[in-house]
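Take a look at the letters that make up each chain.
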Amino acid sequence: MEPPQTDVTELLKLWSSGHQKALDALLPQIYAELRQLASSYLRRERPNHTLQATALVHEAFVRLVDQRAVRWQNRAHFFGIAAQAMRRILVDHARARGAAKRGDGARPVSLDEALVLTCAPNVDLLALDEALNRLAALDPQQSRVVELRFFGGLTMEETAEVLQISPATVGREWTMAKAWLYAALHPAAT
């Protein structure tokens, strides 16, 4: 049965019900948005990152397709899970890169170079992941809000829809989580 041309939410529901053709119709509709999401993640990374947006999208999509038990609720739910998958891929990539770097052909760096490198505005994904995991132990909802907003690029309203809470609650949780993460990532500043 060929699924009708319809919105993303309807295609996700059809796909969850086992209609493979819905996945075929869904992919062209979500690919550009997934690629835009991946590009926004990679802009926060170091300039010479070896992972490209297309590879990140493909790896995330493979992980999403393997999630057979997921009952997709709507577009926001899908992109929330996609954001989570991309976060895990980037963290895994950073861990693998860090493991390969430790003593493996490392060149000495002068103090001046080290100071320049530490002032770069890039996010340390491993430190952020560790902090998010600690936050999740304290407040799972705040951690999920950060994941959806920061990694997923969802709006306040979309985040509220995924978590089934009000946008005002999302705003409060977002503010509290950002403050907690800042303190966790910059202990000397607090």
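Above this text is the structure in question.
Residues numbered from 1 in each chain as written. Predicted model: local features only at pLDDT ≥ 70, side-chain atom pairs only at ≥ 80, totals over all residues. Heavy atoms only, no water.

Visitor: Residues and numbers for the overall build of the protein chain, please.
Guide: Looking only at helices and strands, the protein chain has 9 helices and 0 strands in total. Its helices and strands in sequence order give the protein chain the pattern α-α-α-α-α-α-α-α-α, from N to C terminus. Put simply, the protein chain has 190 residues, and 39% of those count as buried. A separation of at least 24 residues holds for 62% of the contacts in the protein chain among residues at least 6 apart in sequence. Entry remark: accessible area of the protein chain is about 10900 Å², with carbon and sulfur atoms responsible for 56%. (Helix = DSSP H or I, 4+ residues; strand = E, 2+ residues; numbered from the N terminus. Buried < 20%, exposed > 50% of the residue type's maximum accessible area, 1.4 Å probe, protein only. Contact = heavy atoms within 4.5 Å. Areas by Shrake-Rupley, 256 points an atom, 1.4 Å probe, with all protein chains shown as cover.)

Visitor: Go over the side chain of Thr 159 with me, naming the residues and quoting the values.
Guide: Tracing the backbone through its elements, the reader meets Thr 159 in helix α8 (residues 156–163). Polar contacts involving the side chain of Thr 159 include one to the main-chain carbonyl oxygen of Thr 155, which spans 2.8 Å. Leave out the neighbours within four places in its chain, and Thr 159 touches Val 145, Leu 148, Arg 149, Leu 154 and Val 170. (Polar contact = N/O pair within 3.5 Å; in protein donor to acceptor, adjacent residues only side chain to side chain.)

Visitor: I'd like a rundown of the packing of helix α2 (residues 20–43) against helix α3 (residues 53–65), residues and numbers included.
Guide: At a minimum axis distance of 9 Å, the contact between α2 and α3 shows a crossing angle of 130°. The orientation of α2 relative to α3 falls into the category oblique. The two elements α2 and α3 meet at a crossing, and its hand is right-handed. Contacts from Leu 23, Leu 27, Ile 30, Tyr 31, Leu 34, Arg 35, Ala 38, Ser 39, Tyr 41 and Leu 42 in α2 reach Ala 53, Thr 54, Leu 56, Val 57, His 58, Phe 61 and Val 65 in α3. Taken together, the residues that form the contact of α2 with α3 break down as 13 nonpolar, 3 polar and 1 charged. (Axes fitted to C-alpha atoms, helices over the stretch in contact; angles between N-to-C directions. Parallel < 35°, antiparallel > 145°, perpendicular 65-115°, else oblique. Left-handed = near helix turned anticlockwise from the far one by under 90°. Nonpolar A, V, L, I, M, F, W, Y, C, P; charged D, E, K, R; others polar.)

Visitor: So what's going on with the environment of Phe 150? Which residues, and what values?
Guide: Counting through the fold element by element, Phe 150 comes out in helix α7 (residues 140–151). Judged by its relative accessible area of 23%, Phe 150 is partly exposed. Sequence separation of Phe 150 and Ser 40 is 110 residues, and the distance between their C-alpha atoms is 9.8 Å.

Visitor: How would you sum up the nonpolar core? Please name residues and give values.
Guide: With 50 residues, the main nonpolar core has Leu 34, Leu 56, Phe 78 and Met 86 as its most contacted residues. Broken down by secondary-structure element, the contributors of at least two residues to this core are α1 (8–16), α2, α3, α4 (75–101), α6 (125–138), α7, α8 and α9 (167–185). (Core = buried A, V, L, I, M, F, W, Y, C linked by side-chain atoms within 4.5 Å.)

Visitor: Outline unusual backbone geometry, supporting the account with residue identities and numerical values.
Guide: Backbone geometry places Gln 164, a non-glycine residue, at a positive phi of 55°. Topologically, Gln 164 is positioned in the loop between α8 and α9.

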